[in-house]
Amino acid sequence: MRGTVQGVGFRPWVYRLARRTGVAGRVLNDAAGVTIEAFGSEPDILRFLDRLAAEPPPAAAIEQIDAEPIPPEATPDFVIVSSEATDGRRVSIPPDLATCGDCLTELSDPADRRYRYPFITCTHCGPRYTIARDVPYDRETTTMASFAMCPACREEYTSPESRRFHAEPIACPACGPSLALLDADGRPVAAPDPIEAAARALDAGLVVAVKGLGGFHLACDASSPAAVAALRARKRREQKPLAVMAADLDAAGRLALLTDDERRLLESPIRPIVLVLRRDGAGLADEVAPDNPYVGLMLPYTPLHHLLLRAVRSPLVMTSGNLSEEPLAYRNDEAVERLRGIADLFLVHDRDIATPCDDSVVRLIAGRTTLLRRSRGYVPRPVRLPAAVAHPTLGCGALLKNTFCLARGDEAWLGPHVGDLDSLATHRFFEEAIARFERFLGIRPEIVAHDLHPSYHTTRYALTRAGVTPVGVQHHHAHVAAAMAEHRLEGPVLGVAYDGTGLGTDGTAWGGELLLAWYDRFERLATFRPIPLAGGDTAIRQVWRLALALVVDAYGRDAPIGRLPLFRQVPRRDLVVVGQLLEGGVQTVPAHGVGRYFDAFGALGLGLTVSAFEGQVAMAWNHAAHPHERRRYPFDLDTTRQPWIVDLRRTTRAAVGELLAHQPASLVSARFHNTLVAATAAIVERAAAEHGRRPVVLTGGCFQNPFLAEGVRAALADRFAVHLHGEVPPGDGGIALGQVMVAQAKGSE
Ligand code: ZN
Ligand code: ZN
Ligand code: FE
């Protein structure tokens with residue numbers, strides 16, 4: 001059996017099923033999954049097989065069952081073969097799982113010995129990856145090693161009939177970890193019930209740092225504007241949306257309009273943050289996600305969360321315990337040191353987190369689960385590759401939203417979310433996480449793939465690693481290869497890669513690319529007419545500079561600068577200076593990114609001068625789009641040049657004309673989106689005419705935008721096989737997998 005079948009109570013479940021159906025034999029973990037050798041009468045075996053497929057344990061996901069006859073054996077019993085006894089190969093560490101239904105029932109049962117015990121767990125749920133110090137995944141190699149089991153726990157742990165048979169983090173109030181409450185300076189506070197005390201503090205509007213599964217959260221009352229504003233100010237996170245934890249599905253349903261798929265995602269054992277449409281006036285402070293119709297919701301995933309959420313009055317903001325853009329705090333002493341001045345109280349415990357891991361973030365796009373951040377619950381689940389890699393390979397990932405990737409055989413493991421590699425702290429986090437992953441998986445990479453940018457930390461890291469072959473991989477080629485690998489495509493494909501930026505092979509910033517791609521090479525078929533960034537990266541933050549560049553490019557000297565509301569917010573002197581830079585081509589860099597077009601149009605349409613965080617204006621422009629508007633603007637496609645150029649100057653003039661005529665931004669935004677969809681369909685069609693009707697993959701951060709993703713897919717679906725991302729993020733968090741695939745293909749030439 002293949003799939004998620006290790007570390008989820010699979011073997012004991014097979015054992016109990018075998019006993020009930022009267023089948024003898026054995027079950028064991030192997031490198032690929034679980035193998036069962038079953039002996040019995042044919043009807044019994046068939047019944048056993050049926051039930052195996054029909055009722056797996058809650059956190060398991062069976063992808064594949066292969067059955068074949070084997071020679072009979074006279075075994076009287078059914079046994080579980082321990083991992084070490086099989087063949088000495090390393091048994092993988094499973095991802096963390098949310099508290100299961102059975103444990104929740106016991107948690108609420110006054111007669112149970114684990115009543116209200118915040119560390120209740122069983123083989124179907126609880127911490128795994130985040131408590132693992134080493135492999136194989138056994139109690140002795142986890143941070144539970146320091147807790148000696150009491151006789152009652154030992155009895156459950158050793159009994160195959162028990163739901164806690166070999167549940168490595170098994171614990172109870174008599175023998176396991178316990179909670180503590182610390183004040184703002186990290187001094188212990190006497191509290192008979194730390195959860196109750198933390199809940200009262202939260203109700204009173206204070207900020208509490210809560211130790212979770214993969215790190216600390218900062219929590220506060222999500223219904224209180226003052227509490228959320230205080231948290232934002234202290235964390236120095238002024239605008240970026242904050243995640244909210246609701247007590248249960250009903251509470252979540254009061255905050256947001258949930259579809260059935262979204263309910264299913266919220267309740268899944270992975271328990272990611274799910275981006276959903278919030279209800280108006282639903283009792284969430286506006287400060288949670290300013291000017292944003294969506295909110296990131298999650299449900300409790302540890303017993304501690306369940307107890308805390310039941311004890312508080314309102315849903316809680318639960319955001320990563322860090323200062324903006326720093327790595328997550330995960331050790332008690334470190335949390336107190338780093339979150340001093342942010343948290344008023346610390347709700348901690350003495351079960352150490354060995355390997356930090358952020359919450360995952362998902363969203364439904366075009367009816368499928370799309371990962372915006374792939375971390376807790378997914379890591380370290382492997383991605384199966386279309387073909388085995390010849391050499392163990394490491395992909396170092398992108399500069400922003402970094403994850404790395406290790407591959408061996410036909411499997412690749414994306415690492416946890418590292419974040420933006422722009423500080424020493426994240427550099428260290430990145431290197432430590434890679435070292436830990438290599439140890440867990442027993443992989444010594446021979447090829448190390450990195451971005452083409454010479455000054456990225458990832459590149460320097462790859463080039464200074466001893467005894468490996470470094471291979472540079474172009475950013476958008478990596479995006480496309482990641483999508484190809486996820487969908488097990490051999491190539492060539494028509495790869496549409498739209499994002500903010502990535503260094504091209506010609507030294508300019510790419511990001512509006514159509515590539516004819518194989519793993520080992522690509523042809524750049526089309527790109528977007530570049531927007532000059534006046535003042536370089538400053539223009540990425542000060543989006544009015546992009547808007548000015550766009551308008552000047554589209555109109556020349558007759559640009560209606562003075563009539564557009566956006567530019568009235570910009571000091572006259574700045575307008576003149578940047579206008580001169582653009583005119584003279586001084587201190588300007590051409591950028592082909594579709595993301596820059598989103599920023600520029602969003603700035604014009606919504607009157608936003610500055611992007612407070614990466615993607616803010618592009619996201620707001622997406623949210624503004626009227627869902628039912630079908631019209632679009634004109635555009636031009638110049639196929640006389642190599643690569644072809646998508647030229648949006650006529651689009652700009654049409655949109656500006658409508659804005660000046662006071663057309664609502666919602667219509668202008670929808671028409672802009674529809675224009676991009678049509679332009680994309682046009683270049684893909686043209687490419688198919690020259691290079692054949694290849695599968696199409698849509699990748700890059702812009703495809704986190706459902707309007708664009710669904711639009712392009714719908715425009716092409718009747719003539720092409722169109723693939724969107726699923727388990728591998730479309731944004732830069734998925735790049736490392738593509739780097740691995742490309743470097744591997746190039747390296748083994
Ligand atoms: Zn459980
Ligand atoms: Zn115990
Ligand atoms: Fe990218």
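Refer to the preceding data block for the structure.
Residue positions are given per chain, counting from 1 as you read along its sequence in written order. Here chains are named by letter from A upward and ligands by number from 1 upward, in the order in which they appear as written. Whole-chain, interface and lining totals are the exception, using all residues; otherwise, since this is a predicted model, local features are given only for residues with pLDDT of at least 70 and side-chain atom pairs are given and counted only at 80 or more. Neither water nor hydrogens contribute to the side-chain values; these are computed over all heavy atoms in the structure.

Any details on the overall build of the protein chain? Residues and values, ideally.
Within the protein chain, the secondary structure is distributed over 24 helices and 29 strands. Compactness check: the protein chain gives a C-alpha radius of gyration of 27 Å against a globular reference of 27 Å for 749 residues, within 12% of the reference. Burial here depends on accessible area, computed with a 1.4 Å probe over protein chains only, as a share of the maximum for the residue type. Under 20% is buried, over 50% is exposed, and the range in between is partly exposed. Buried residues in the protein chain amount to 59% of all 749 residues. Contact criterion: two residues are considered in contact whenever any of their non-hydrogen atoms come within 4.5 Å of each other. Here the analysis covers contacts within the protein chain between residues at least 6 apart in sequence; of these, 70% occur between residues at least 24 apart. To measure how exposed things are, a 1.4 Å probe is used in the Shrake-Rupley method; for residues, cover is taken only from the protein chains shown. When the accessible area of the protein chain is evaluated, it comes to approximately 28600 Å², of which 51% is carbon and sulfur surface. Counted as positive: Lys and Arg. Counted as negative: Asp and Glu, with His and the chain ends omitted from the count. Positions of charges follow a simple convention, taking NZ of Lys, CZ of Arg, CG of Asp or CD of Glu. Of the side-chain charges in the protein chain, 81 are positive and 87 negative, and the distance between the mean point of each set is 4 Å. By definition, any uninterrupted DSSP run of H or I lasting at least four residues is a helix, any uninterrupted run of E lasting at least two residues is a strand, and each is numbered from the N terminus. The quantity called the radius of gyration is restricted to C-alpha atoms. Its globule counterpart is 2.2 Å times the number of residues to the power 0.38.

Can you lay out the coordination of the zinc ion (ligand 2) for me, pointing to particular residues and giving the numbers?
Distances up to 2.8 Å from the metal define which N, O and S atoms are donors, and 3.2 Å serves for Na, K and Ca; water is absent from the atom set, so sites may look incomplete. The zinc ion (ligand 2) binds to the protein through Cys150 (SG), Cys153 (SG), Cys172 (SG) and Cys175 (SG); the donor distances cover 2.2 to 2.3 Å. Around the zinc ion (ligand 2) sit four donor atoms, and with donor-metal-donor angles ranging over 104 to 116 degrees the site reads as tetrahedral. All donor residues of the zinc ion (ligand 2) come from one chain, and their arrangement in sequence is C-x2-C-x18-C-x2-C. Note that Cys150 is positioned in the loop between α4 (101-107) and α5 (151-158) and Cys172 in the loop between α5 and β6 (179-183), a separation of 22 residues in sequence. For the residue pair Cys150 and Cys172, the accessibility class agrees, reading buried in each case. In this scheme the shape depends on donor count and angles: four donors with every angle between 85 and 135 degrees give tetrahedral, four or six donors with opposite pairs above 155 degrees and others between 65 and 115 give square planar or octahedral in turn, and any other case is irregular.

An account of the packing of helix α14 (residues 475-486) against helix α24 (residues 735-747) is needed here, citing residue identities and associated values.
Fitting a line to C-alpha atoms yields each axis, with helices limited to the stretch in contact; the angle taken between N-to-C directions then spans 0 to 180 degrees. Packing of α14 against α24 brings their axes to within 7 Å, and their N-to-C directions diverge by 90 degrees. Considered as vectors, α14 and α24 are oriented roughly perpendicular to each other. Contacts between α14 and α24 pair His475, His477, Ala478, His479, Ala481, Ala482 and Ala485 from the former with Ile735, Leu737, Gly738, Gln739, Met741 and Val742 from the latter. Throughout this entry, Asp, Glu, Lys and Arg are counted as charged residues, while Ala, Val, Leu, Ile, Met, Phe, Trp, Tyr, Cys and Pro are counted as nonpolar. The remaining residues, Gly among them, count as polar. A per-class count over the contact of α14 with α24 returns eight nonpolar, five polar and no charged. The scheme is simple: roughly parallel for angles under 35 degrees, roughly antiparallel for over 145, roughly perpendicular for 65 to 115, oblique for anything else.

Give a detailed account of the coordination of the zinc ion (ligand 1), specifying residues and quantitative values.
Looking at the zinc ion (ligand 1), the protein donor atoms are Cys100 (SG), Cys103 (SG), Cys122 (SG) and Cys125 (SG), and they sit 2.3 Å from it. Around the zinc ion (ligand 1), the four donor atoms are arranged such that angles at the metal cover 102 to 119 degrees; this shape is classified as tetrahedral. In terms of primary sequence, the donors binding the zinc ion (ligand 1) are separated according to C-x2-C-x18-C-x2-C. No difference in accessibility class separates Cys100 from Cys103, as the two residues are buried.

Can you explain the sheet that holds strand β2 (residues 24-30)? Please cite residues and give values.
Here, strands pair whenever DSSP counts at least two bridges between them. Read from one edge of the open sheet, three strands run β3-β2-β5, paired in mixed fashion. Of all strands in the sheet, those bounded by a partner on one side alone are β3 (33-39) and β5 (78-80). Each strand of the sheet is rotated relative to its neighbour by a mean of 15 degrees, with strand direction disregarded. Of the pairings in the sheet, the one linking β2 to β5 comprises three bridges and is parallel in character. The residue bridging Gly25 from the neighbouring strand is Phe78, located in β5.

Explain the pairing of strand β16 (residues 368-373) to me, using residue names and the numbers behind them.
Where strand β15 (residues 361-365) lies against β16, five bridges are found, and the strand directions are antiparallel. Its bridge partner being in β16, Leu364 is matched across the sheet by Thr369.

How would you summarise the side chain of Thr652 if you had to cite specific residues and measurements?
Its location among the elements puts Thr652 in helix α21 (residues 649-660). For Thr652, a relative accessible area of 1% gives the class buried. Setting aside anything within four residues of it in sequence, one finds Thr652 in contact with Leu550, Val551, Ala554 and Phe601.

So what's going on with the packing of helix α19 (residues 594-606) against helix α20 (residues 616-624)? Residues and values would help.
The description of two helices packed together rests on the angle between their axes and the distance between the axes. Two numbers describe how α19 lies on α20: the axes approach to 8 Å, and their chain directions differ by 65 degrees. In the packing of α19 onto α20, the handedness of the crossing is left-handed. For the pair formed by α19 and α20, the contact residues are Phe598, Asp599, Phe601, Gly602, Ala603, Gly605 and Leu606 on the first element and Val617, Ala618, Ala620, Trp621 and Ala624 on the second. Residues of the contact of α19 with α20, tallied by class, amount to nine nonpolar, two polar and one charged. Crossings are assigned a handedness: left-handed for a near helix turned anticlockwise from the far helix by less than a right angle, right-handed for a clockwise turn.

I'd like a description of the nonpolar core, backed by residues and values.
Among the buried residues, those of types Ala, Val, Leu, Ile, Met, Phe, Trp, Tyr and Cys that are joined through side-chain atoms within 4.5 Å form a nonpolar core. Core analysis: the largest hydrophobic core is formed by 74 residues, its most contacted members being Leu494, Phe567 and Leu604. Per element, the largest residue contribution to this core is eleven residues, and it comes from helix α22 (residues 665-691). The contacts of Phe567, once residues within four sequence positions are left out, are Trp544, Ala547, Leu548, Val551, Ile561, Leu575 and Leu604. Membership of the second largest hydrophobic core comes to 67 residues, among which are Val135, Ile195, Ala198 and Leu308.

Now, about the side chain of Glu168: what can you tell me, with residues and values included?
In this structure, Glu168 sits in the loop between α5 and β6. The contacts of Glu168, once residues within four sequence positions are left out, are Tyr137, Asp138, Arg139, Met144 and Tyr157.

Go over the environment of Arg340, please, and point to the residues and values.
Along the chain, Arg340 falls in the loop between α11 (332-339) and β14 (345-349). Note on Arg340: relative accessible area 44%, which makes it partly exposed. Linking Arg340 and Ala184, residues 156 residues apart in sequence, is a C-alpha distance of 6.4 Å. The contacts of Arg340, once residues within four sequence positions are left out, are Ala184, Asp185, Ala335 and Phe346. There is a polar contact of 3.2 Å between the side chain of Arg340 and the side chain of Asp185. Each polar contact in these results corresponds to two N or O atoms within 3.5 Å; when the atoms are within protein, one needs to be able to donate a hydrogen and the other to accept it, and residues that are neighboring in sequence are counted only if both atoms are side-chain atoms.

Describe the pattern of salt bridges, naming the residues involved and giving the relevant values.
If the charged atoms of two oppositely charged side chains come close together, the side chains can form a pair. When a carboxyl oxygen of Asp or Glu is within 4 Å of a side-chain nitrogen of Lys or Arg, the pair counts as a salt bridge. By the definition in use, this model includes 46 salt bridges. Close ionic contact of Arg596 with Asp599 constitutes a salt bridge, the shortest N to O distance being 3.4 Å. Note that Arg596 and Asp599 are positioned in helix α19 at a spacing of three residues, about one turn of the helix. Comparing Arg596 with Asp599 shows no difference in burial state: the two are buried. In this structure, a network of salt bridges that share partners links the residues Asp102, Glu106, Arg113, Arg114, Glu156, Arg163 and Arg164.

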